[in-house]
Structure formats: C-alpha cells, structure tokens
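Notes for the structure review
Take a look at the letters that make up each chain.
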Amino acid sequence: MPVAEKKTEAPSQFTPYQPAPGEEYMNDKQLAHFREILLGWKQDLMEEVDRTVRHLQEEANNFADPADRATQEEGFSLELRTRDRERKLLKKINETIEKIDEDDYGFCEACGVEIGIRRLEARPTATLCVDCKTLAELKEKQLGG
Ligand SMILES: [Zn+2]
C-alpha cells in the first residue's frame, strides 16, 4: 500500500517570531527561535524515518501472497525514495543547526543580504535570498534546456 505524502517537508506549527522595533537581525533570541523550529522539525522527521523503516520491515515480513507482490514492490520503491528524501533533509537540517551554532545563519550565501525572518520561517534551511534563489532557478532552467 503506497504511503501518503509526508507532512514533514516543512516544519510543524510554531509561533511566528515578532521582532521588537529596531531589534537586531539574528540576535540570540532569533537564533534560538530558529534553532527550536529546526530541532522540532528534525524530531518530526526522525519519527517519520522510524515509521518508514518499521513499515518497510513489516512489508518485508508480509510477502506471503504473491498476488500482492507488485503492489508491495511499488510501495517499497516509494518508501525508499521517501527515506532517501528524509535522509537528505535531515542532513540539511543538521547543517543549518551548525550554522546557527556558528552564528552564521540567516544571510544569503551568494550576496550576503539578510534572508529575512518570514522567508526563513517558511523555509528554515534556505541559504539564498529570494533574488539569488530566483536567479539560481533561472540558471538551472537554462542549463537544463
Ligand atoms: Zn542573495
């Protein structure tokens, strides 16, 4: 049975950060806010990975009926893909937490501008500002034909 699309593509619920007027970008409070989001997300993902692995094991033990085989194999490859995606995302989250620890979080890797709290809340692992991201995607499209 194919697994439903995961909800772990993005962090779960959190309270959006409300910076005080004139508050410094990526001060300790903001860094702590994003660390919390990332840690919560990581937790969700790791539980999801556990579930995927358990499901794979259950399916492996359930190969009794050959009629179900095709469906099961379909489910297998889907889950393996899901696992691969989860693994990559976990790696990315860990790298992002490291950046927070090194006080090197929230600035565009290409041009150095502030990525922005709202954008980071929507995509905590973002390393490019909107402009650079758009540019990168355009280049990618051109290269891909
Ligand atoms: Zn940029």
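Under an unreviewed UniProt entry, the name given to the protein is RNA polymerase-binding transcription factor DksA, and the source organism is Salinicola acroporae. Heading Function (unreviewed entry) of the UniProt record for the protein holds this comment: "Transcription factor that acts by binding directly to the RNA polymerase (RNAP). Required for negative regulation of rRNA expression and positive regulation of several amino acid biosynthesis promoters. Also required for regulation of fis expression." The UniProt entry for the protein carries the following text under Subunit (unreviewed entry): "Interacts directly with the RNA polymerase."

What follows concerns the UniProt feature "zinc finger region: dksA C4-type" (unreviewed entry) in the protein. Those residues carrying the UniProt feature "zinc finger region: dksA C4-type" (unreviewed entry) are residues 108–132 in this numbering. For residues 108–132, the end-to-end C-alpha separation is 8 Å, with 36% helix and 0% strand making up the annotated structure.

This paragraph deals with the nonpolar core. In terms of nonpolar packing, the biggest core is built from 24 residues, with Met26, Phe34, Ile93, Tyr105 and Leu120 touching the most fellow members. Where this core is concerned, the elements lending two or more residues are α1 (28–60), α2 (69–101) and α3 (117–122). In terms of residue count, α1 provides more of this core than any other element does, seven residues in total. Of the domains in this structure, domain 1 (25–103) and domain 2 (106–145) are the two that each give at least three residues to this core. With residues up to four places along the chain from it excluded, the contact list for Met26 reads Leu31, Phe34, Asp103, Tyr105, Gly106, Phe107 and Leu120.

Right, let's talk about the packing of aromatic side chains for a bit. All told, the structure shown has two aromatic pairs when counted by the stated rule. On the numbers, 5.4 Å between centres and 55 degrees between planes, the contact of Phe34 with Tyr105 is tilted. Linking Phe34 in helix α1 with Tyr105 in the loop between α2 and α3, this pair joins segments that are 71 residues apart in sequence. Relative accessible area serves as the criterion here: at 2%, Tyr105 is assigned to the buried category.

When the charged atoms of two side chains with opposite charge come close together, those side chains can pair. With the rule as written, the count across this model stands at eight salt bridges. The salt bridge partner of Asp84 is Lys88, with a shortest N-O separation of 3.1 Å. Placement of the pair is Asp84 and Lys88 together in helix α2, with a separation of four residues, close to one helical turn. Among the salt bridges present, the one from Glu121 reaches Arg118, with a minimum N-O distance of 2.7 Å. You can see Glu121 and its partner Arg118 sitting in helix α3, three residues apart, about one turn around the helix. Exposure remark for Glu121: the relative accessible area of 7% places this residue in the buried category.

Conventions we followed
As a convention, each chain's residues are numbered from 1 in the sequence order in which they are written. Since the coordinates come from a predicted model, pLDDT governs what is reported: local features require at least 70, and pairs of side-chain atoms require 80 or more to be given and counted, while whole-chain, interface and lining totals use all residues. Hydrogens and water molecules were not included; the side-chain quantities draw on all heavy atoms of the structure. UniProt positions are given in the numbering used here, feature names are shortened, and annotations may be inferred rather than shown by experiment. Working definition: helices are DSSP H or I runs of at least four residues, strands are E runs of at least two. Numbering for both runs from the N terminus. Throughout this description, the term nonpolar core refers to a set of buried Ala, Val, Leu, Ile, Met, Phe, Trp, Tyr and Cys residues connected via side-chain atoms within 4.5 Å. Exposure categories follow from relative accessible area, calculated using a 1.4 Å probe and restricted to protein chains: below 20% of the type maximum is buried, above 50% is exposed, and the middle band is partly exposed. Source of the domain bounds: an automatic or database domain assignment. The criterion used for residue contact is that any of the two residues' heavy atoms lie within 4.5 Å. Note on aromatic contacts: the rings of Phe and Tyr and the six-membered ring of Trp form a pair at centre separations within 6.5 Å, being stacked when their planes are under 30 degrees apart, edge-to-face when over 60 apart, and tilted otherwise. A carboxyl oxygen of Asp or Glu within 4 Å of a side-chain nitrogen of Lys or Arg is what we treat as a salt bridge.

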